[in-house]
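Residue-level listing of the chains:
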Amino acid sequence: MLGTVLLLLALAKTTCPSPASVASRRAEALKKLLEVFGMEDPPAPPAHFKEPPQYMVDLFNTVANADGVTKNPDILEGNTVRSFLDKTHSEEMRFLFVLSSVAKNEKILTAELHLFRLWPRVTDGPKRHHFCQVSVYQVLEKDKLDTPGGKKLLAARLVSLQTSGWEVFAITPAVRDWTEDESSNQGLLVTVQGLGGSPLDPPPLQFASGRGHHESKKPMLVLFTDDGRRGASLPTAGFPDLKPQAPNLPAKKPVPKLGRSRSTRSLDRLQPCQRHPLSVDFEEIGWSGWIISPRGYNAFHCKGSCPFPLGENMRPTNHATVQSIINALKLSEGVSSPCCVPDKLYSINLLYFDDDENVVLKQYDDMVAGSCGCH
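No experiment lies behind these values; they were computed from the predicted model shown. (Residues numbered from 1 in each chain as written. Predicted model: local features only at pLDDT ≥ 70, side-chain atom pairs only at ≥ 80, totals over all residues. Heavy atoms only, no water.)

**Q** Any chance you could explain the pairing of strand β8 (residues 220–226) here in plain terms?
**A** As a general feature of sheets, a regular strand has side chains that alternate between the two faces. Across the seven residues that make up β8, a large majority, seven, are buried. The side-chain alternation of β8 yields two buried faces, one formed by Met220, Val222, Phe224 and Asp226 and the other by Leu221, Leu223 and Thr225. The pairing of strand β1 (residues 80–85) with β8 spans six bridges and is antiparallel. From the neighbouring strand, Val81 faces β8, where its bridge partner is Phe224. (Buried < 20%, exposed > 50% of the residue type's maximum accessible area, 1.4 Å probe, protein only. Helix = DSSP H or I, 4+ residues; strand = E, 2+ residues; numbered from the N terminus. Pairing = 2+ DSSP bridges.)

As structure tokens, this is what we get:
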């Protein structure tokens, strides 16, 4: 995947005599680059300035460094996390989330309802409650909620009335139903009762709704999925070094003095195989309107020669070592020297707004050259 990105970036920046040809090649390259990111068209930027949910920002910072490179590939369940805000904007504890942006090929792994618990009401009288029971139901028939078949229990637990903060409830079965049959999505119902299931009027516990509360406290559905996209073949084990990495250099050899007429390309061929910076700037590409983080990343690329004999610091495979010997001794015609290529790749993470202005965190394999070797 990294090789595709490098080629497409080169095409996108290529200059040609004809402006129309340049524009056409750039458009074609960016379209192919979108395919690398699993999209047909770039999402439209939000119509107005919009803050992403803090949970999604914190999750991105936990999973990735500032450049988007994955810190630990085992943190995320699947490769996609989607967030959806409640569409009812109601004071009642009824919630509706539109999941039309979930692709058919995405496997639903876990779905969570995030509700912000407000400070409890001050109650009069000698009896004060310290806990209450919160239940979350999948609405089956919104006009028959009081009947046995009108709703299905998804989660229930005791919640303290002494604090405020986020409460998270697992609602995976409901979301799987909704993604299989969109018309079955009639939302969720949340109830607050006493310890024995007795009604509390008025309920001492309230959750922030979509109306009258800050954007950061709005009800949210968080969906963990996997679209089945995987990188190719190279090792991805281990974590990337977040500090600048020195290139792998072979033992010092005398470098011949070159005349001024020698091209830079000739000089490059004399340099040993090593990793070089390659900046991918989303603003330059024209994607900064919908990508929240990172603003760009360093993909790195591999360049240099693989001269005989190959030392361990060149990280050669056994095949490359044999090929290098046959090339050096001219034992077979048409056998070139080994190539300088990535031998370890890292994934990156994008936090972005989709077409429905929902915030998505997605992980893409094989996007950064972690190290280079002779293969």
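**Q** Would you mind showing me how to read the sheet that holds β1 here?
**A** Taking strand neighbours across the sheet as the criterion, the seven strands line up as β6-β3-β8-β1-β15-β14-β11 in an open arrangement whose pairing is antiparallel. Edge positions in the sheet fall to β6 (165–170) and β11 (291–293), since each has one partner strand and no second. If you compare each strand with its neighbour and ignore which way they point, the axes differ by 30° on average. Where helix α3 (residues 54–63) meets the sheet, it contacts β1, β3 (107–117), β8, β11, β14 (340–353) and β15 (359–374), and its direction lies at approximately 15° from that of β15. (Axes fitted to C-alpha atoms, helices over the stretch in contact; angles between N-to-C directions. Contact = heavy atoms within 4.5 Å.)

**Q** Would you mind showing me how to read the packing of aromatic side chains here?
**A** To describe a pair of aromatic rings, one takes the distance between the centres and the angle between the planes. Using the criterion set out here, one finds eight aromatic pairs in the structure. Between Phe116 and Trp166 the ring centres are 5.4 Å apart and the planes differ by 80°, which places this aromatic pair in the edge-to-face class. In this pair, Phe116 sits in strand β3 while Trp166 sits in strand β6, placing the two residues 50 residues apart along the sequence. In this structure Trp166 comes out as partly exposed when scored by relative accessible area, which is 38%. Through a chain of ring-to-ring contacts, the aromatic side chains of Phe37, Phe282, Trp287, Trp290, Tyr297, Tyr352 and Tyr364 assemble into a single cluster. Lying over the aromatic face of Tyr137, Lys151 brings its terminal NZ or CZ to 5.3 Å of the ring centre. The ring of Phe300 is capped by Arg275, whose NZ or CZ atom sits 3.6 Å from the centre of that ring. (Phe/Tyr/Trp six-rings, centres within 6.5 Å; stacked < 30°, edge-to-face > 60°. Lys NZ or Arg CZ within 6 Å of the ring centre and 35° of its normal.)

**Q** Can you help me understand the pairing of β3 in this one?
**A** Among the 11 residues in β3, nine count as buried, and that is most of the element. Alignment of β3 against β8, held across seven bridges, turns out to be antiparallel. Counterpart to Glu112 in the pairing with β8 is Val222. Pairing analysis gives six bridges linking β3 to β6, with the strands arranged antiparallel. Paired with Glu112 across the bridge in β6 is Ala170.

**Q** Would you explain the sheet that holds strand β7 (residues 188–193) in this entry?
**A** Strand-to-strand pairing in sheets goes through backbone hydrogen bonds, with the strands running parallel or antiparallel. Taking strand neighbours across the sheet as the criterion, the four strands line up as β2-β7-β4-β5 in an open arrangement whose pairing is antiparallel. Each edge of the open sheet is held by one strand with a lone partner, namely β2 (94–95) and β5 (151–160).

**Q** I'm lost on the nonpolar core in this one. Help?
**A** Taken as a class, soluble globular proteins show a tendency for nonpolar side chains to be buried jointly. Phe37, Phe282, Trp287 and Ile348 are the most contacted members of the largest nonpolar core, which has 34 residues in total. Mapped onto this core, the elements with two or more residues apiece are α2 (19–36), α6 (282–285), β14 and β15. Leave out the neighbours within four places in its chain, and Ile348 touches Phe37, Gly68, Val69, Thr70, Tyr297, Lys362, Gln363, Tyr364, Met367 and Val368. In this structure, Val102, Leu115, Ala155 and Val190 belong to the second largest nonpolar core, which totals 30 residues. (Core = buried A, V, L, I, M, F, W, Y, C linked by side-chain atoms within 4.5 Å.)

**Q** Help me out: how do you make sense of the pattern of salt bridges in this one?
**A** A side chain with one charge may pair with a side chain of the opposite charge, provided their charged atoms come close. Counted under the stated rule, the structure contains eight salt bridges. Close ionic contact of Lys50 with Glu357 constitutes a salt bridge, the shortest N to O distance being 3.6 Å. With a gap of 307 residues between them, Lys50 in the loop between α2 and α3 and Glu357 in the loop between β14 and β15 connect regions that are remote in the sequence. For Lys50, a relative accessible area of 24% gives the class partly exposed. Among the salt bridges present, the one from Arg157 reaches Glu167, with a minimum N-O distance of 2.6 Å. (Salt bridge = Lys/Arg side-chain N within 4 Å of Asp/Glu carboxyl O.)

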